[in-house]
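# Coordinates in review
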Amino acid sequence: MHALAREFLRRGYNVTVCAPVDGVDAPQSFESQGIRIISHPRFFTYGPRLRQHVSQLFDPVLYIHRLRRFLAARPGREVPDLVLTFSFLYAAAAKKAWPGVPVAYLSGGACWDCYSWLYGGRKGWVRVAFLLKKVLGVIAEHRALRLADKTFVEVNALTRRLEHFHFGIDSKIEVLPTPVDVARFGPSLERRQQIRRELGIAEDARVILGVGRLQWNKNYGNLVRAVARLQPRNWCLLIVGQGEERRELEELARTLHVDDRTRFLGNRADMESVYAG
């Protein structure tokens, strides 16, 4: 999202990013560049009470309804010229709020697979309960794929996966491989040695790397639990990013006795060095 917003801005477009209240890291940095941020409430259901757990099962449907009302009620009834979204929930809500506006959905995965990944490690009865959420999610995703004017995916395998769950959408899907700046992110012995010296990582150590916002849908907890099963040998886990789950993840690492091999690096601007390491 960050790079896409800046690229549209560079080309002379007015850019507005719509996200949950905690969905954008350092929003001031975007606004200082001329990118407008519109924050909406967290429409997902959270909380320990049984009623909130039950409500959470219907989030795929309720989220679209709540977001559509939020978009349609914007002051001045501003209507964009184009909507680009990474979420099928936003694709459906935007098309319902502004039927005449082109909506492009940049899919990162099939809803069924995403929910299976998120809840696959839970107890058996939890997985059964969340089966309803998965089914409703697929129904909502199907609606979004039909409403969106175009869906872009990074690989042919994802096209086949979406077509497995949704018939008659192949004409709307286009493969758009993710561009990579190979000059910036290519292997570099100099950057590798530099970042390892900075972080105190031995030259022969194996590095496991996770990059992204530290929030529930990234499922970093499972990553920490997975590395805790490894033999305590010559490896370390680096996690790059900020988010609301950082303290919880740090505590999880301590509980599983891998805090000595797990490093939380926060946000980094030198990712070419981190990857090289």
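Look a little higher up for the structure.
Attention here is on the structure that accompanies the text. (Residues numbered from 1 in each chain as written. Predicted model: local features only at pLDDT ≥ 70, side-chain atom pairs only at ≥ 80, totals over all residues. Heavy atoms only, no water.)

Right, let's get into the overall build of the protein. Each helix and strand counted, the protein has 14 helices and nine strands in total. Relative to the compact-globule value of 19 Å for 277 residues, the protein shows a C-alpha radius of gyration of 21 Å, a close match. Considering the protein as a whole, with its 277 residues, one finds that 38% of them fall into the buried category. Considering only residue pairs separated by 6 or more positions, the protein has 60% of its internal contacts joining residues 24 or more positions apart. As displayed, the protein has an accessible area near 16,300 Å², and 55% of this comes from carbon and sulfur atoms. If you average the places of the 42 positive and of the 28 negative side-chain charges in the protein, the two averages end up 6 Å apart. (Helix = DSSP H or I, 4+ residues; strand = E, 2+ residues; numbered from the N terminus. Rg over C-alpha atoms; globule rule 2.2 N^0.38 Å. Buried < 20%, exposed > 50% of the residue type's maximum accessible area, 1.4 Å probe, protein only. Contact = heavy atoms within 4.5 Å. Areas by Shrake-Rupley, 256 points an atom, 1.4 Å probe, with all protein chains shown as cover. Lys, Arg positive; Asp, Glu negative; His and termini not counted. Charge placed at Lys NZ, Arg CZ, Asp CG, Glu CD.)

We now examine the sheet that holds strand β8 (residues 235–240). Strand order in the open sheet made by the three strands is β7-β8-β9, with parallel pairing throughout. For this open sheet the edge positions go to β7 (206–211) and β9 (262–266), each flanked by a neighbour on one side alone. Recorded for the sheet is a direction-independent mean angle of 20 degrees between the axes of neighbouring strands. Looking at chain direction, β7 and β8 are connected through six bridges and run parallel. When the sheet's bridge partners are listed, I208 is paired in β8 with L237. (Pairing = 2+ DSSP bridges. Axes fitted to C-alpha atoms, helices over the stretch in contact; angles between N-to-C directions.)

Attention shifts here to the nonpolar core. If you look at the biggest cluster of nonpolar residues, it comprises 33 residues, and the most contacted ones within it are L67, L71, F88, W98 and L162. When contributions to this core are tallied by element, the ones reaching two or more residues are α4 (59–72), α5 (88–97), β4 (103–106), α6 (111–119), α8 (131–147) and α9 (156–165). No other element matches the eight residues that α5 contributes to this core. Formed by 12 residues, the second largest nonpolar core is a distinct cluster that contains L214, W235, I239 and V258. (Core = buried A, V, L, I, M, F, W, Y, C linked by side-chain atoms within 4.5 Å.)

A word on α5. Within α5, nine of the 10 residues are buried, leaving the element largely enclosed by the surrounding structure. For α5, the full list of buried residues reads F88, L89, Y90, A91, A92, A93, A94, K95 and A97. Capping of α5 at its N-terminal end is provided by S87; its side-chain oxygen lies 3.1 Å from the backbone amide nitrogen of L89. (Polar contact = N/O pair within 3.5 Å; in protein donor to acceptor, adjacent residues only side chain to side chain.)

It is worth spelling out a nonpolar patch on the surface at this point. A grouping of V180, V182, F185, L209, V211 and Y275 is seen on the molecular surface, where their side chains present a nonpolar patch of about 540 Å² in accessible area. Of all elements in the fold, only α10 (182–185) and β7 reach the threshold of two or more residues within the nonpolar patch. Along the chain, L209 falls in strand β7. Under the relative-accessibility criterion, L209 is labelled partly exposed at 30%. (Patch = residues over 30% accessible without salt bridge, like charges linked within 9 Å, V, L, I, M, F, W, Y side chains within 5 Å. Salt bridge = Lys/Arg side-chain N within 4 Å of Asp/Glu carboxyl O.)

Taken in spatial order, the four strands of this open sheet run β3-β4-β5-β6, and their pairing is parallel. Of all strands in the sheet, those bounded by a partner on one side alone are β3 (83–85) and β6 (173–175). Direction aside, neighbouring strands of the sheet carry axes that sit 25 degrees apart on average. Of the pairings in the sheet, the one linking β4 to strand β5 (residues 150–153) comprises three bridges and is parallel in character. Across the sheet, residue A104 finds its bridge partner in β5, namely K150.

Among the structural elements, F88 can be located in helix α5. Each C-alpha atom of the pair F88 and I64 lies 9.1 Å from the other, and the pair is 24 residues apart in sequence. Sequence-distant contacts of F88, defined by excluding residues within four places in its chain, comprise Y105, C111, G137, A140, E141 and A144.

A separate point is the packing of α4 against α8. Between α4 and α8, the shortest axis-to-axis distance is 8 Å and the interhelical angle comes to 45 degrees. Looking at the two axes, α4 sits oblique to α8. Contact with α4, carried on its side by D59, P60, V61 and I64, involves K133, L136, G137 and A140 of α8 and no other residues of that element. In terms of residue class, the contact of α4 with α8 is made up of five nonpolar, one polar and two charged. (Parallel < 35°, antiparallel > 145°, perpendicular 65-115°, else oblique. Nonpolar A, V, L, I, M, F, W, Y, C, P; charged D, E, K, R; others polar.)

On to α8. For α8, which comprises 17 residues, the first-to-last C-alpha distance of 24 Å matches the rise-based estimate of 24 Å (1.5 Å per residue) to within 8%. When we look at burial in α8, the residues that qualify are K133, K134, L136, G137, V138, A140, E141, A144, L145 and L147. (Expected span 1.5 Å × (residues − 1).)

This next bit is on unusual backbone geometry. The general pattern is negative phi for most residues beyond glycine and trans for most peptide bonds. Positioned with a positive phi, N219 is a non-glycine residue whose angle comes to about 60 degrees. Located in the positive-phi region is H257, a residue other than glycine, with phi close to 60 degrees. You can see H257 is positioned in the loop between α13 (246–255) and β9.

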